[in-house]
Structure formats: C-alpha cells, structure tokens
2 protein chains.
Amino acid sequence: MKKRYTACILIIGNEVLSGRTQDANLAFLATRLNDLGIQVSEARVIRDDRQIIADAVNQARAQNDYVLTTGGIGPTHDDITSESVAHALGVPFGRNAEADAILRNYYAPEDITEERMSMADMPEGAVLIDNPVSRAPGFQIENVFVLPGVPRIMRDMFQGMAHRLTGGAPMLSRSITAALPEGELAGPLGALQARYPDVEMGSYPFFQGGKLGANLVLRAFDADQLADAAEAVAQMVRDLGGAPSGSEQAQGSLK
Amino acid sequence: MKKRYTACILIIGNEVLSGRTQDANLAFLATRLNDLGIQVSEARVIRDDRQIIADAVNQARAQNDYVLTTGGIGPTHDDITSESVAHALGVPFGRNAEADAILRNYYAPEDITEERMSMADMPEGAVLIDNPVSRAPGFQIENVFVLPGVPRIMRDMFQGMAHRLTGGAPMLSRSITAALPEGELAGPLGALQARYPDVEMGSYPFFQGGKLGANLVLRAFDADQLADAAEAVAQMVRDLGGAPSGSEQAQGSLK
C-alpha cells in the first residue's frame, strides 16, 4: 500500500461564518491538491480568534501531511492568522527580514505604515510564499502553509508554492449523471460498490426542473479498475432507463 | 450580558472535499441562523466516515447550542449520516414508525425498495423534520438537526423547522465598501475599532479590475452603536478619498 497524502484546509474569517461571503477557495485548493495526489481530509471554517486558530492548526497538522490556511494575513486589526500560527507552534513572532525588505521595496516611502509593515511579522523560521500580485508574502512553517483569503491572490500564490508539496498518485475520477432518483439507483449501485471495493462510489442527488437525479462519482487510483467500474455503472443506468451522461478526468480540471 | 446562542454546521460529503461540488448550504444556513439570533461558531466539511461524523457531532454539540448537518441521508450506500448520529449519541438505530408511514404513503407499492425504506432508519427518539419536496424526512435528536445536502430541499426543510430554534437578539450589520487598499485603512480603522469595542469591525479585501479595495463590515447587537460606528467609518473612508458605498441590513437578506 502506497502512502496516501492528506491535507486539512482552514478557512479563517468571520465573514464566511456570517453568511455574507461565499467561500471560493476550498473548491480550488481541493482540486489542485487532488491533482498533486493529496486528498483533503477535512476543511474547517473558523473564527478570527487566536486560540481557536491555534488549536485548529495544531489538531490539523498532527493529523495531516499538510495544513493550508486562507485568510487573516492582511494589515488590519482583525488579521491575526500569523501570530496565531506562531502561538500554535510555540515559536517567537516578529519581523521577518526578507518580508520586511520586500515590502519596503514595494511601497513608496510615504506609504510605509506600521500596519502595512505588520504584514512582515511572522513566526520565527517562516519560509516565504511569494505574492506576485500585491507583494505581501504568505509563509510556510513546518507543514503549515499560510495563504491570503482573496481568491485571485491566493491562487497565484498557491501556484508558486505547489512544488513544495509532495503527493502520491492522483486519484482519478469519472462522473456519470443519471436522470433517475437515488431510490431507483441505490440497490444496483450498492451491489456494484461491493463488486468494485477499490473504487469509491458516491451518489450526489440533485433536484432540477422538478425532477430528482443523481451524479454518480467514481474515484480510484487505478485507471483500469476505474474504467471497468464506470462502464458497469453506465450500463446499470442504461438498464434502469436513466440515460447516462458522463465525463472522464483526472479529477481537477480547473487548469 | 444576554445569552449568546451558537451553532456549528457540519457539511458531510466527500464531494465537497474533492473540489467537485461547491457547497451552497453554509451561506444560506449562516444567514438564516443569524436572523434568528444564532451565530455560527464554526463550519466543518467532513468525509463520509462513521467515526469522523460521530466525533464531529459530539464535539460540536458539546460546544454549541445547536448542530446542523447537511448531506448523507439518502438511500445509497454512502448515506451514513443517520447511523453515525445514532452512534454519536449512543442510542439504538432502527426504523422510525412515522417516517416509515410517510414513505409507504408516498411511494407506489412497486417502488418500495429496501434502500428507499432505509431512509426511515433513524436514531431512537428522533423527531422528524418534514420534507415537502421529496418526502423523505430529516430529523432532530437532542440539539442535532439532520438535513439533506440538496440545497433546494434543505432550504424548504429548514424553513419548516426554524421555529424549533431559540435564539437571542439578531446581530445587525452594516457594510461599507472602500476603493482603497487595506494598508491605507488599517491604522484609522484600528483606532475606530478601539473607540467602538462593542462593534465588531472586519475588513475583507478584494481585488477587482487590477485594484485592491476592501469591504468593511460592522456588526453589533445595538442599532444606535452600529449607526454611530458606521458613520464614523464612512467618514474615515471619505477622509482618505475612498468614496464609501454602503448597505444597511439586519444581516441576512436572502429572504
């Protein structure tokens, strides 16, 4: 059995929990991590609270190969992710010389404020993650990767740090859409799941135009097993009169 | 100090963690709960795994007034939320007579399958949550509310059960958009946060058309304090040349 790599994603910000902001980072990160052969074991949306963040970071890094955080690394008073990560790891928190230089080089002298420079405060031992958009860097410390919450900036920064992540074989997937309620699919699908134990079969119902249907998603590391199982599931849907439509991909095609 | 009510939302499903499905339930539930005077303290996206679900339910219900779960209550083999909740609470899991009757009444005799009827299996002591769309009910047991993952159905079911939730005063909010980078806002905003300690001030940066801006969100229980703070923040943005635009609302206006 090859090693399976996992990651936990911590989405930090009261705004997502208030319902005002729709998170747009989880789907992106989960897709890209899967491409790298790293499965997201859990995602947590947590409040801007030092102890809550620190506890979540420590729990996540003990249970996963990687922890990625988004949000809370800007210059305002509610940006407390960096100090909370230092607190979690029990390391000193203070000015990072390299980040300091990047910010001083980027801002005009009259724009250099205490608050802006606070974005260069990081846990001791942090390795920077470059920000090609607005310069203020994220950082890595041990297996924790600290990224901003703005999706456009987070994505560019993730691209630049992705090479630091070691993964296993990417999980492959096939999706088959059936115009049938789950109740009609459940018996035969359960039988096929039992026949293909190494192919994870998920059924995700939807409700569209007054009708119930289901997306049947098959995931596996082995391409041949996946293809066999997908053909069997598609045949099952045809036999039930459900007109399967499908897609094949290495999961994660936001590229 | 009045009691503050909190809820934890558990989003159950490998599909959200794989990145294939974008969760659409958190923002809805968080908004509605806030309207009811209940703050979402945390949201977790977790895998379809019995022990993981049970542990998350137990941790969440110990720390919050309410726990709401979405997903995993359909008829297929990967729908294991109900049995996992029974496992969490240490109560027997079996056929609920009322749910059994609803399903038998709804389906034509030839459509009654073992898998469909499995949707009537619930923890002992469960109180049903009516499903006006596709009939298969959710349930409440103690402070845990078990809802489906299909957004359209989940929403209708939540409406029907919302009266069971007791909350406090709803948090009011004001949002002010500033066409300024956070770095210019951070100092004065921090000073205003110190001046209005009972108004939670959050700054949420965005990147649009190549420019950085920020949504400044003020939240408070007291309408007068909120109005005063919002005027002060708007004036601050005007002073900085950031052309504030704003909105006022009892947070939660998806109605």
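Preceding block: the structure.
Within every chain, residues take consecutive numbers counted from 1 along the sequence as written. Chain A is the first chain written and ligand 1 is the first ligand written, with later ones labelled in order. Where totals are concerned, whole chains, interfaces and linings use all residues; where local detail is concerned, this predicted model gives features only for residues with pLDDT of at least 70, and gives and counts side-chain atom pairs only at 80 or more.

Caption draft 1: Looking closely at the interface of chain A and chain B. Listed as interface residues are 53 residues of chain A and, on the opposing side, 52 residues of chain B. At the level of secondary structure, the elements contributing two or more residues to the side of chain A that touches chain B comprise helix H1 (14-18), helix H2 (26-35), strand S2 (38-46), helix H6 (114-117), helix H7 (151-161), helix H8 (182-195), strand S10 (200-208) and strand S11 (211-220) of chain A. The helix count covers DSSP runs of H or I at least four residues long, the strand count covers runs of E at least two residues long, and both are numbered beginning at the N terminus. With 8 residues, the single largest contributor to the side of chain A that touches chain B is H8 of chain A. Classifying every residue of the side of chain A that touches chain B gives 20 nonpolar, 21 polar and 12 charged. Where S2 of chain A meets strand S2 (residues 38-46) of chain B, 5 bridges bridge the pair, whose relative direction is antiparallel. The partner of Ala43 of chain A across the bridge, within S2 of chain B, is Val45 of chain B. Think of it this way: build a C-beta for each residue from its backbone, and any pair within 7 Å is a contact. When residue character is reported, Ala, Val, Leu, Ile, Met, Phe, Trp, Tyr, Cys and Pro are called nonpolar, Asp, Glu, Lys and Arg charged, and the others, Gly included, polar. What makes two strands pair is DSSP finding at least two bridges between them.

Caption draft 2: Region of interest: the pairing of strand S7 (residues 135-141) of chain A. Residues and elements named next belong to chain A. Here the C-beta atoms are placed from the backbone, and a residue counts as buried if at least 20 other C-beta atoms lie within 10 Å of its own, exposed if 12 or fewer do, and partly exposed otherwise. Among the 7 residues that make up S7, 5 are buried, leaving the element largely enclosed by the rest of the structure. In this sheet, S7 lies alongside strand S6 (residues 127-131) in antiparallel orientation, the contact comprising 4 bridges. Its bridge partner being in S7, Leu128 is matched across the sheet by Phe139. In sequence, S6 turns back onto S7 through a hairpin of 3 residues. Bridging between S7 and strand S8 (residues 144-147) involves 3 bridges; their strand directions are antiparallel. Residue pairing for S8: Phe139 is matched across the bridge by Val146.

Caption draft 3: Highlighting the packing of H8 of chain A against helix H9 (residues 223-239) of chain A. Residues and elements named next belong to chain A. All axes here are fitted lines through C-alpha atoms, helices being fitted over the stretch that makes contact, and every angle between N-to-C directions spans 0 to 180 degrees. It is the contact of H8 with H9, at a shortest axis distance of 10 Å, that shows an interaxial angle of 165°. One element, H8, and the other, H9, form an angle in the roughly antiparallel class. Our pair here, H8 against H9, has a crossing hand that is right-handed. Along its contact with H8, which presents Pro188, Leu189 and Leu192, the element H9 presents Ala229, Ala232, Val233 and Met236. Grouping the amino acids of the contact of H8 with H9 by side-chain chemistry returns 7 nonpolar, no polar and no charged. Each angle receives one of four descriptions, namely roughly parallel if under 35 degrees, roughly antiparallel if over 145, roughly perpendicular if within 65 to 115, and oblique otherwise. Each crossing is labelled by how the near helix is turned from the far one, with a counterclockwise turn of less than a right angle marking it left-handed and a clockwise turn marking it right-handed.

Caption draft 4: Up close: the packing of helix H3 (residues 50-63) of chain A against helix H4 (residues 81-89) of chain A. Residue and element names in this part refer to chain A. Their axes nearest at 8 Å, the elements H3 and H4 cross at an angle of 55°. One way to sum up the angle between H3 and H4 is to call them oblique. The way H3 lies across H4 gives a crossing that is right-handed. Contact with H3, carried on its side by Arg50, Ile53, Ala54, Val57 and Asn58, involves Thr81, Glu83, Ser84, Val85, His87 and Ala88 of H4 and no other residues of that element. Of the residues in the contact of H3 with H4, the class split is 5 nonpolar, 4 polar and 2 charged.

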